[in-house]
Amino acid sequence: MKSFGPFAAVFLLSIANSACQPVLPTTRVHGLVYCAEGSPESFNPQLVTSGTTIDAISQHLYDRLLDINPDNGELIPGLAQSWTISEDGLTYRFLLRQGVEFHQTRYFSPTRTLNADDVQFTFGRLLSVQHPFHQTATEYPYFDSVEWQQLVAKLVVLGPYEIEFTLSKPDSSFLSTLATDFAAILSAEYGAQLISNSSMADLDQLPVGTGPFLFRHYQKDVLIRYYRHPKYWRQLPAMEQLVIDIVPDNTKRIAKLLTHECDVAPIPRLAELSLLSQRDDFVVDAQTSMNVGYWAFNTRMPPFDQVKVRQALSYAINKSNILQAVYFGQAEPANSLLPPNSWAYDKNLNIQRYDPLLAKKLLAEAGYPEGFQMDIWAMPVQRLYNPNALKMAELIQADLAQIGVRAKIVSYEWNTFRRKLRSGEHDSVLIGWSADNADPDNFLRPLLSCAAAISGSNRANWCDETYDELIAKAVHTPVLEDRRAFYQQAQQYQAEQMPLVPIAHSKRFQVRSRNISGVRINPYGGINFTAAGKSL
Amino acid sequence: MKKLRLYYEEHNKGPFKLLWKHFSQQHFAFFGFIMLLLLLSLAVLTPFLTPHDPYLQNSQLLLVPPSWQNSGLVSYPLGTDDLGRDLMSRLMAGASYTFGLAVLAVLGSLLVGVILGALSGMSKGVKSSVFNHLLDLALTIPSLLLAIVIVAVLGPGLMNTIWAIMLALLPQFVHGVRNAIQQQLKQDYVTAYRLDGASQRQLLLFVIFPNIWEQLVLMFTMALSTAVLDIAALGFLSIGAQSPTAEWGSMIADSLDSIYLAPWTVALPGLMIFITVLAVNLVGDGIRVAMKKRREN
Amino acid sequence: MMFHYLLRRMFLLSFVFVALTVFAFSLGYLFPGDVLGNFTGLRNISPAEEIVLRQQLGLDESYWQQYIYFNQRIIDGNWALSFSSQQNVLDEIINVMPATLELASYALLISLVVGIPLGIVAAVRKDKWLDKLISGFALVGYSIPIFWWALLLIMVFSLTLGWLPTSGRLSVLYEIPTFSGFMLPDILLSNVPYSEEALFDAIRHLLLPSLVLATYPTTVMIRFTRESMLDVLEQNYIKTARAKGLTRLQVLYTHGLRNALLPVTRQVGLQFSTLITLAMITEVIFSWPGIGRWLIDSIYQRNFPAIQGGVLVVSSLVIAVNMFTEILHTLLNPLARKF
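Report follows, based on the coordinates. Keep in mind that this is a model prediction, so the values were computed, not measured.

**Considerations on the overall build of chain B**
- Helices and strands together make up the secondary structure of chain B, namely 10 helices and 0 strands.
- Counting helices and strands in the order they occur from the N terminus, chain B gives α-α-α-α-α-α-α-α-α-α.
- Dimensions of chain B, computed from the C-alpha atoms along their principal axes, are close to 75 × 60 × 30 Å.
- Per-residue burial over chain B gives 53% buried out of 297 residues.
- For chain B, restricting intrachain contacts to residue pairs at least 6 apart in sequence, the fraction spanning at least 24 positions comes to 70%.

Here is the structure:
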């Protein structure tokens, strides 16, 4: 090594300097570090519903046919330049944008730009059992839960940049589905390359898309590294590098933010918000978000198959206590799955009140005067709709003890938790949902429909014909007012049957260093750092 | 008032009194000793002394600051943690876990170590030498590693880690006892006793042990500081004490989430551990110096 | 004679290693869960695979035979797979070991460079205020719980002042290819354009963990060197040397140091085991990607094959270091040689 003296001097200076103002070395100015709360399960949004995964991969690696305007929730053109809908509402024709380049990575070099074949490849995977990649995934949870495969009857390529979907019945939420993060467009050429290499699993693990960033490296539970896509069809990102640092522990995440090891951190603990907003070098962004945290009962397991029992339990919990202790007042109490800012929200829904005496009475009527034992499964991680499920479970446990129900709190490591939940081992679970678009169907169907009970996002395992009929009618109607009426009926029915108890709609927060700009929270989907900029 | 000495008499104090005299002359060591006595009584009497129940949660009083801050309450002198439990009561209860259990673990290890050390110290030959070296080398496995293995086999929990700590402390006791005994065996008065016809057992009980007890006490204090730190560390890593047990190390781990809002919930249990270990080390140092002084006189 | 001594040591060493492998082998049975899973690390074993594996491991033969197979697999490098990553445990250990070794060696270096001189100064100035100050610091450092100390330093230097990072070895924005696994040499060997920045960054990341880890060994060095030095200074040959007319410094240097530092060598070896324990805790707090954090994560995930492999490696390391320092001590110290 060269002489130590000047080395030491510069070193000491650089440390002293950073005490006053972070003087960032050149590399650090052109790279953004985002501290995520978990590892992605896959690099293909078709296969997942987890918010953590979607945040990490969706808006960065891929584009969709349509996008959602974050300001007003309206649909805007994405990879599809324009589209037409037939009179009967069954045929949708899309005209694709030209000159859209795919990623060039260490494992793939594209020879052509995006065309209709790629769109067919992407959606054909979901629709056609003969598609070579159909079987490489066990399920497509979002699409399964909205029965998309039954909805789309035909998918035809009309020209190099023209493609046509034909539906089996009219569906007003079809376009919204194409705008969700799950409808990312993949590369057919890459698929062909993988088939000839016999490495088909790479489609979901070494991703290729058209998005603003391309995949460079992934180390499980450690980090994801993206480079800027130099030929992105929209405005190029200002950041050369985007690194997603995986930090499941909340305290460590905030610590990394405070030392500027991370530039942006999501879902800060609500208790620390006031602390962080007091510091000059950080900014707390808030956004009313489309989400709901709820307590779902496994309606296939007795005694939760009885409406009276579920109603009793819903009267037994003190929601305002929970809102204060868990959400620190930064959330609205929920009476329905839909948040108040949804256009289908029913203002006249009965407000759930806290009535332990009524709860006891109902329990006795249902045949459990002495109460019973049950599990409450609580997520070990912080999520947007529930910042502290374990604490919430403790509060509920104490409330339930008042009516004679003895609850045990169960928790596992997050991926193990989701796995076990999928196999329906739970009595009840504290979980939630964040919207993928502005359509109410996005809440009501994936959470409580019969199809969703099979695909797994219906944690209450609830399958009710009346409810399914109501939401089906709602999507078949093109007129907004009629749709709203059906949705309100559905919400009222849900409140009567109480397969789950909606608890709160949380505001969404994120904390960033003051020198970071252009990272607003997207109320309708995953985070997006395309427009992120860093100043010195 | 000093004792009036009318006649010239030789006052020969017994070894224990001499040691005590030298020990108590060191102020710091004596102070440490008082601290230890306080902690020991706390460990034993905690159930009667705590102002509140250390495990009672109170959702109305979360993260109350200590009473000297504006928003603090006198009824909760050191504040509350994130589940509303009184911190002072938990700290007092923690004495019985972190300190009390450490004392018990070291006592247990000492007992077994003395037995094994005596056996190996009194025996001679290749067998004993092999056993000694084996023990030296093989059981230098780090205490944390031993704890991990035991926890992997038996599951996490305070008692399981106590076994690990006892095992980890064993070799130094065996080694120390053996060395001390072998040193004693070289002494003339031991030969004298042997010539007198003392059996091995009599030799051990009446000649050797009275001469090595102070080394045993020294080893005890050294092991005690290690034991306290180990219990706390294992509790901190959630390998040992599990929440809601009020062990100081696991209290720190539980409160890490609130470190920004309530740094006292992290600082105070750590302070207790520090004070305890400091007191033990002060006493240990004091004993060592006292022993040296007594020898010199 | 020296040869005989070494031979006896080697014989003992191999004996201890045998005992260690027996212990590691028995863990496969002691850990909860399926024995086959514990030994191979595979999760969902199909019935066909099971038959093959049972034969390979010799599960239907005697324990002695299974132990032979186990040793064979260890020597071949055919270790079990980790439950969580399904990678060979040996490969994973080789990946994480350098980080721990790097941290431990810097900490040890600090303790020697800082601890020994301070210990000598304290001995020479016995009972004066300098001695009291140094001894006081040493006592405090010796008594402080390492995780609390780390948290305090983090709270001050990272969270409040923002000078130093709290975790990892290097900022995630720097991509440094791995040559040796040791961060500083790797940065110097790589030819990335930002190697200077990366070097500063790596040192900033090293600072707090090394300081925290070095605290305990430094205080042990101070206390031990002071004791040892005091013992030596009282010896007759020192008084003789002074009587001869040598200055204090000369006496110190020629006679004092060599004799005082000998037991220190031995002490380093004995302290290594504690150092490993402390390194593991330090790694967890600073998210340092070394074997300590890896092992502790394994216990959280109930990753039994990983624990088995890790215990084997770390114990072997400790035993080897102990043996090495003992031999070194015997080499340097004529009095310890029994031949």
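What follows picks up the thread again.
**Some words on the overall build of chain A**
- The helix and strand tally for chain A stands at 20 helices and 20 strands.
- Over its C-alpha atoms, taken along the principal directions, chain A stretches across nearly 80 × 65 × 40 Å.
- If you sum the accessible surface of chain A, you get close to 20,600 Å²; carbon and sulfur atoms cover 51% of it.
- Charge centroids of chain A, computed over 48 positive and 54 negative side chains, lie 6 Å from each other.

**Focus: the sheet that holds strand β6 (residues 152-159) of chain A**
Residues and elements named next belong to chain A.
- Taken in spatial order, the 4 strands line up as β4-β5-β7-β6 in an open sheet, and their pairing is antiparallel. The open sheet has two edge strands, β4 (80-85) and β6, and neither has a second partner. The mean angle between the axes of side-by-side strands here comes to 20°, regardless of whether they run parallel or antiparallel.
- Looking at chain direction, β4 and strand β5 (residues 91-96) are connected through 5 bridges and run antiparallel. Bridge assignment links A80 to a residue of β5, and that residue is L96.
- Of the strands in this sheet, β5, β6 and β7 (162-167) are in contact with helix α4 (residues 116-127), which crosses β6 at around 165°.

**Thoughts on the environment of P170 of chain A**
- Residue position: P170 of chain A is located in the loop between β7 and α7 (174-179).
- Distance from P170 of chain A to A485 of chain A, taken between C-alpha atoms, is 18 Å for residues 315 residues apart in sequence.

**Focus on the nonpolar core**
- Membership of the largest hydrophobic core comes to 189 residues, with the highest contact counts inside it found for I181 and I273 of chain B together with F147 of chain C.
- Ranked by size, the runner-up nonpolar core spans 147 residues in total, among them I246, A331, L448 and A474 of chain A.

**Some remarks on the packing of helix α12 (residues 307-316) of chain A against helix α20 (residues 480-497) of chain A**
All names here are of chain A.
- Between α12 and α20, the shortest axis-to-axis distance is 8 Å and the interhelical angle comes to 90°. In terms of orientation, α12 lies roughly perpendicular with respect to α20. Note on element contacts: α20 touches α12 through A495, E496 and Q497, opposite V307, R310 and Q311.
- Taken together, the residues of the contact of α12 with α20 sort by class into 2 nonpolar, 2 polar and 2 charged.

**A short note on the pattern of salt bridges**
- A full pass over the atoms with the stated rule returns 35 salt bridges over all chains.
- Of the charged contacts in the structure, one is a salt bridge between E365 of chain A and K361 of chain A, with a shortest N-O distance of 3.4 Å. Pair noted here: E365 of chain A and K361 of chain A are both in helix α14 (residues 356-366), with a separation of 4 residues, about one helical turn.
- Across the salt bridge formed by D285 of chain B and R288 of chain B, the nearest N and O atoms sit 3.4 Å from each other. Here R288 of chain B and D285 of chain B lie together in helix α10 (residues 264-296), a separation of 3 residues that amounts to about one turn.

**Here's the deal with the interface of chain C and chain A**
- Counting from both sides, the interface comprises 27 residues of chain C and, opposite them, 28 residues of chain A.
- When the two sides are added together, the surface that chain C and chain A hide from each other amounts to roughly 2,400 Å², 61% of it contributed by carbon and sulfur.
- Linking chain C with chain A are 2 salt bridges, by the criterion used here.
- Across the pair E175 of chain C and R216 of chain A runs a salt bridge whose closest N-O atoms are separated by 3.3 Å.
- Taken together, chain C and chain A are joined by 9 residue pairs in polar contact (both at pLDDT 80 or more).
- Of all the secondary structure elements, the ones that give two or more residues to the side of chain C that touches chain A are α7 (146-160), α9 (195-233) and α11 (248-285) of chain C.
- Partitioned by chemical class, the residues of the side of chain C that touches chain A number 16 nonpolar, 7 polar and 4 charged.

**Let's talk about the packing of aromatic side chains**
- The full count for this structure, using the stated rule, is 49 aromatic pairs over all chains.
- By way of ring pairs, the aromatic residues W83, Y92, F94, F123, Y142, F143, W148, F165, F174 and F182 of chain A are connected into one cluster.
- The side chain of K420 of chain A reaches across the aromatic face of Y412 of chain A, ending 4.8 Å from its centre.
- The ring of Y142 of chain C has R223 of chain C sitting right over it, with the charged end atom 4.4 Å from the ring centre.

**So, the state of the cysteines**
Residues and elements named next belong to chain A.
- Inspection of every chain in the model, using the stated rule, returns 2 disulfides over all chains.
- Here C35 is linked by a disulfide to C262, with a sulfur-sulfur distance of 1.5 Å. Taken together, the positions of C35 in strand β1 (residues 31-36) and C262 in the loop between α10 (250-258) and β11 (264-266) put the pair 227 residues apart, joining distant regions of the chain.
- Looking at C35, the relative accessible area reads 0%, which means it is buried.
- When its relative accessible area of 0% is taken as the criterion, C262 is described as buried.
- In this model C450 forms its disulfide with C463; the gap between the sulfur atoms is 1.9 Å. Across the S-S bond linking C450 and C463, the dihedral sits near 100°, which makes this disulfide right-handed. Placement of the pair is C450 in helix α18 (residues 450-455) and C463 in the loop between α18 and α19 (465-476), with a sequence separation of 13 residues.
- For C450, a relative accessible area of 15% gives the class buried.
- Regarding the disulfides, chain A carries the connectivity 1-2, 3-4 under sequence-order numbering of its bonded cysteines.

**A closer look at the interface of chain C and chain B**
- Counting residues at the interface gives 44 residues for chain C and 42 residues for chain B.
- Both sides of the chain C and chain B interface together cover about 3,900 Å² of buried area, and 79% of this is carbon and sulfur.
- Sorting the residues of chain C by area buried against chain B places S143, F147 and W148 of chain C first, and these three jointly supply 16% of that buried surface.
- On the surface where chain C and chain B come into contact, there are 2 salt bridges.

What counts, and at which threshold
- Residues numbered from 1 in each chain as written.
- Chains lettered and ligands numbered in written order.
- Predicted model: local features only at pLDDT ≥ 70, side-chain atom pairs only at ≥ 80, totals over all residues.
- Heavy atoms only, no water.
- Helix = DSSP H or I, 4+ residues; strand = E, 2+ residues; numbered from the N terminus.
- Buried < 20%, exposed > 50% of the residue type's maximum accessible area, 1.4 Å probe, protein only.
- Contact = heavy atoms within 4.5 Å.
- Areas by Shrake-Rupley, 256 points an atom, 1.4 Å probe, with all protein chains shown as cover.
- Lys, Arg positive; Asp, Glu negative; His and termini not counted.
- Charge placed at Lys NZ, Arg CZ, Asp CG, Glu CD.
- Pairing = 2+ DSSP bridges.
- Axes fitted to C-alpha atoms, helices over the stretch in contact; angles between N-to-C directions.
- Core = buried A, V, L, I, M, F, W, Y, C linked by side-chain atoms within 4.5 Å.
- Parallel < 35°, antiparallel > 145°, perpendicular 65-115°, else oblique.
- Nonpolar A, V, L, I, M, F, W, Y, C, P; charged D, E, K, R; others polar.
- Salt bridge = Lys/Arg side-chain N within 4 Å of Asp/Glu carboxyl O.
- Buried area = accessible area lost by both parts, 1.4 Å probe.
- Polar contact = N/O pair within 3.5 Å; in protein donor to acceptor, adjacent residues only side chain to side chain.
- Phe/Tyr/Trp six-rings, centres within 6.5 Å; stacked < 30°, edge-to-face > 60°.
- Lys NZ or Arg CZ within 6 Å of the ring centre and 35° of its normal.
- Disulfide = S-S within 2.5 Å.

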